[in-house]
Amino acid sequence: QSSGRLFLGKSAPAASTMALSSSSSPLAPEQDPFTELEHKNWQRGVDVYTVGFGPLTAQAVPTLLDRAGFLASSGKDSSGDDRSGNLLDVACGPGQVVEAAISRAQSLSRSACCNYTALDFSTNFLKLAEKNLKVTHPDTTVNFVEGDAQHMSSVLEDNAFDSVTSNFGILHLAAPDVFLAESHRVLKPGGRLAFSVWAVPPTTEGFDLILSTVRDVGNPSVSLPNGPPFFRFSDPEEIRRSLEAAGFVDIDVTTVETMEWTGVDSSDKLYEIFLEGTARTRELLRGQTDEETKAIKLELKQRFDARVSEEGSAERRPLRMPAVVSSGQKPL
């Protein structure tokens, strides 16, 4: 479909309509137009994403680590290693999850039994994550791996990790089911996977404002490489079906309702972050004509101002941006 499966109707589609529309076979970036688009934009958009989305996505990290079972056990495995201290963060971006995990281990006096691996297919994000972690945790060793979440077998061994996390990374994969299977493979028996995605609009007000404005006054049918529905893993039924198909048990779906986009105080800033700090939505916005772009910006300003204005008050509230954190356990 056009627009890379970004748009929804008035409600989330049923699981049967949310299946991948492209082949779920893992392909190298140069062979897969969708992965190529994502890789290009995540090499390019590092700085804007980190400043624009970073403070927002960080709000999901505590729940992500909790649901991944990181340091949830105080026991040892048969080799004497801590049962829950070996963490893999997939699509690590600027390193927020690993940074929070290291801080958690230090606060619990369990740093000595923890190991951290950060994987991303964007070398620019890996460089940024390494730079950030050298500042915040200079004495902690982190294994940085350039790799594809859908091809981890070439860089990561079976049964190697207690926890696998991915903070909004699954949204950018051509074959997310392959990532789920790969996560199952690299987890130790009893280990947990946890990943986050955005809740479905209009609950996520930033996405709702951008996508509904494009739909109503712009061109929502910009041709993009075919990819999975963007909000596929916002649906609890689809989450459970997919995790069960990958072999996971003890599945949990949690909505982080409290997340707010406090740094976005104007429609211009919202537009700029989506234009320069995303992948699919960037291409949607770039595909508009000059006239359509002008109409989108004018309408977006009106809708943004109306959305953030508190009735009867001059105060403006932040946009609400809840996330859905899903998790499952590899059977013992």
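Nothing here was measured: the structure is a model prediction, and the numbers come from that model. (Residues numbered from 1 in each chain as written. Predicted model: local features only at pLDDT ≥ 70, side-chain atom pairs only at ≥ 80, totals over all residues. Heavy atoms only, no water.)

Asker: Which parts of the structure should I look at to understand the pairing of strand β3 (residues 142-146)?
Answerer: The two faces of a sheet get side chains in turn, since along a regular strand they alternate between them. Summarising the sheet, strand β2 (residues 115-120) and β3 pair through 5 bridges and their orientation is parallel. Within β3, the position partnered with T117 by the bridge is N143. (Pairing = 2+ DSSP bridges. Helix = DSSP H or I, 4+ residues; strand = E, 2+ residues; numbered from the N terminus.)

Asker: When you look at the environment of D252 in this model, what are you seeing that I'm missing?
Answerer: Looking at where D252 falls in the secondary structure, it is placed in strand β6 (residues 249-256). Residue classification places D252 among the partly exposed positions, given a relative accessible area of 27%. A C-alpha to C-alpha distance of 9.4 Å links D252 and Q329, two positions 77 residues apart in sequence. For D252, the residues in contact, after removing those within four places along its chain, are R67, R192, V325, S326 and S327. Here R67 takes part through its side chain, which lies 3.1 Å from a polar atom of the side chain of D252. (Buried < 20%, exposed > 50% of the residue type's maximum accessible area, 1.4 Å probe, protein only. Contact = heavy atoms within 4.5 Å. Polar contact = N/O pair within 3.5 Å; in protein donor to acceptor, adjacent residues only side chain to side chain.)

Asker: When you look at the pattern of salt bridges in this model, what are you seeing that I'm missing?
Answerer: Any two side chains of opposite charge can pair, so long as their charged atoms come close to each other. Applying the stated criterion across every chain yields a total of 25 salt bridges. Of the charged contacts, one joins R232 and E238 as a salt bridge, the two residues approaching to 2.7 Å between their closest N and O atoms. Considered together, R232 and E238 belong to a single accessibility category, that of buried residues. K269 is the salt-bridge partner of D265, the closest N and O atoms lying 3.7 Å from each other. (Salt bridge = Lys/Arg side-chain N within 4 Å of Asp/Glu carboxyl O.)

Asker: Looking at this model, I keep getting lost on the pairing of β2. Mind explaining?
Answerer: Where burial is concerned, most of β2 is hidden: 5 out of the 6 residues are buried. The sheet contact formed by strand β1 (residues 86-90) and β2 spans 5 bridges and is parallel. Along β2, the bridge assignment pairs L87 with Y116. Handedness of the β1-helix α5 (residues 96-107)-β2 crossover: right-handed. Read from β2 through helix α6 (residues 123-136) to β3, the crossover connection turns out right-handed. (Right-handed = clockwise from strand over helix to strand, strands pointing away.)

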